[in-house]
Amino acid sequence: MSSFIYLTIDDIPQQVTPDIVGYLFKKNIPAVMFAVGENLEKYMDIAVQAVESGILIGNHSYSHPAFEDLTYEEGVEEIEKTERLIEEVYRRAGRDRPVKVFRFPYLNKGGGNKELFQIYLKEHGFSKIDDSMIDSKGYKAAGWDKDIDVTCSFDIQEYNIPPGTLTFEDVVKRLLEGDPGMGTNIFNKNEYNIVLLHSHDDTERIVPGYYKRLIDMMLEQNVEVMKPEWMKFS
């Protein structure tokens, strides 16, 4: 018996991203990678290579701000600047862009402007991973099942290793024991989750191959990585 996840990876492209893409390709693991516009400007060729390898690129804003600190107009500009860069990635890769998806930085959906941003995403043709099978209490309590952006039901939190908030051993323990706040354990059989990992050079510097170790651990526990189906709203 397996459990099922949709794998999402934030903050591409960075220097470690090609290694992650190569690992995913070798393992035949589907993933959605969310790109930061500033990173695309520095490493667009890496994003092009990812698309050529079958990775779907999503929008993760231009400068990775907390959207509650922005005006609505500033938030829209963050999204649209990155949209233009993603379109250029797909043009250079010679691939049709199959779907537009967006994830808020820090999962911060805009505070008092949240509903305006949700309306914007709907009116501009954004989709999300079909989350109808996700049964996380925290996910539903937050209303994320009703939102149009792509959130997650399990955050691995390996990005806390470089600042010293967590050790790699802490991350592994949390991965194995689950997130009690969200009410999720990705090893529960027949359950579905959207899992959040990151492409971070700083984490790779401290724990080389961190992404392999974490994903291999999931695979060894009969976690099946699913190709996303999409919910479209326009």
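Right above here is the structure, for reference.
Residues numbered from 1 in each chain as written. Predicted model: local features only at pLDDT ≥ 70, side-chain atom pairs only at ≥ 80, totals over all residues. Heavy atoms only, no water.

Draft legend 1. Examining the packing of aromatic side chains more closely. Going through the model one piece at a time under the given rule, you end up with 10 aromatic pairs. Aromatic side chains phenylalanine 67 and phenylalanine 104 sit 5.1 Å apart centroid to centroid with 85° between the ring planes, which places their arrangement in the edge-to-face category. Of the two residues, phenylalanine 67 is situated in the loop between strand 3 (56-59) and helix 3 (72-93) and phenylalanine 104 in the loop between strand 4 (100-101) and helix 4 (114-123); the sequence distance between them amounts to 37 residues. For the pair shown, phenylalanine 67 and phenylalanine 104 are each scored as buried. A ring pair is formed by phenylalanine 104 and phenylalanine 117, whose centres lie 6.0 Å apart and whose planes are at 65°; its orientation type is edge-to-face. On the criterion of sequence distance, the pair formed by phenylalanine 104 in the loop between strand 4 and helix 4 and phenylalanine 117 in helix 4 is long-range, its members being 13 residues apart. (Phe/Tyr/Trp six-rings, centres within 6.5 Å; stacked < 30°, edge-to-face > 60°. Helix = DSSP H or I, 4+ residues; strand = E, 2+ residues; numbered from the N terminus. Buried < 20%, exposed > 50% of the residue type's maximum accessible area, 1.4 Å probe, protein only.)

Draft legend 2. Structural view of the packing of helix 3 against helix 4. One way to put it is that helix 3 packs onto helix 4 with a least axis distance of 10 Å and a crossing angle of 35°. Once helix 3 is placed against helix 4, the crossing between them reads as right-handed. Contacts between helix 3 and helix 4 involve Tyr72, Gly75, Val76, Ile79 and Glu80 from the first element and Leu116, Phe117, Tyr120 and Leu121 from the second. Residue composition of the contact of helix 3 with helix 4, by class: 7 nonpolar, 1 polar and 1 charged. (Axes fitted to C-alpha atoms, helices over the stretch in contact; angles between N-to-C directions. Left-handed = near helix turned anticlockwise from the far one by under 90°. Contact = heavy atoms within 4.5 Å. Nonpolar A, V, L, I, M, F, W, Y, C, P; charged D, E, K, R; others polar.)

Draft legend 3. Structural context of the packing of helix 2 (residues 37-52) against helix 3. Where helix 2 meets helix 3, the closest approach of the two axes is 9 Å, and the angle between their N-to-C directions is 35°. Every pair of crossing elements has a handedness; the one defined by helix 2 and helix 3 is right-handed. Where helix 2 abuts helix 3, its residues Gly37, Leu40, Glu41, Met44, Asp45, Ala47, Val48, Val51 and Glu52 lie against Thr82, Leu85, Ile86, Glu88, Val89, Tyr90, Arg92 and Ala93. Grouping the amino acids of the contact of helix 2 with helix 3 by side-chain chemistry returns 10 nonpolar, 2 polar and 5 charged.

Draft legend 4. Seen up close, the side chain of threonine 203. On the secondary structure map, threonine 203 appears in helix 7 (residues 201-206). Filtering out sequence-adjacent residues up to four positions away, threonine 203 remains in contact with Glu158, Tyr159, Ile161, Pro162 and Tyr210.

Draft legend 5. Just the pattern of salt bridges, in detail. Per the stated rule, a full pass over the model turns up 17 salt bridges. With a closest N to O distance of 3.1 Å, lysine 114 and aspartate 147 form a salt bridge. With lysine 114 in helix 4 and aspartate 147 in the loop between helix 5 (137-141) and strand 6 (154-155), this pair connects stretches of sequence that are 33 residues apart. Given the relative accessible area of 5%, aspartate 147 is considered buried. One network of salt bridges, with partners in common, ties together Asp45, Glu88, Arg91 and Arg92. (Salt bridge = Lys/Arg side-chain N within 4 Å of Asp/Glu carboxyl O.)

Draft legend 6. Region of the structure containing the nonpolar core. Ranked by size, the top nonpolar core spans 65 residues in total, and within it Leu7, Leu24 and Ile57 carry the most contacts. By size, the runner-up hydrophobic cluster in this structure holds 11 residues, among which are Ile79, Phe104, Tyr120 and Ile148. (Core = buried A, V, L, I, M, F, W, Y, C linked by side-chain atoms within 4.5 Å.)

Draft legend 7. Quick look at the environment of valine 51. Topologically, valine 51 is positioned in helix 2. The exposure class assigned to valine 51 is buried, which follows from its relative accessible area of 3%. Those residues in contact with valine 51 that sit more than four places away from it in its chain are Ile57, Val89, Tyr90, Ala93 and Arg95.

Draft legend 8. Main features of the sheet that holds strand 9 (residues 230-232). The 3 strands lie next to each other as 4-5-9, forming an open sheet whose pairing is mixed. Pairing within the sheet leaves two strands with one partner each, and these edge strands are strand 4 and strand 9. With 3 bridges joining them, strand 5 (residues 126-129) and strand 9 adopt antiparallel strand pairing. By the bridge assignment for strand 9, lysine 128 is matched with methionine 231. (Pairing = 2+ DSSP bridges.)

Honestly, it's all geometry; don't read function into it.
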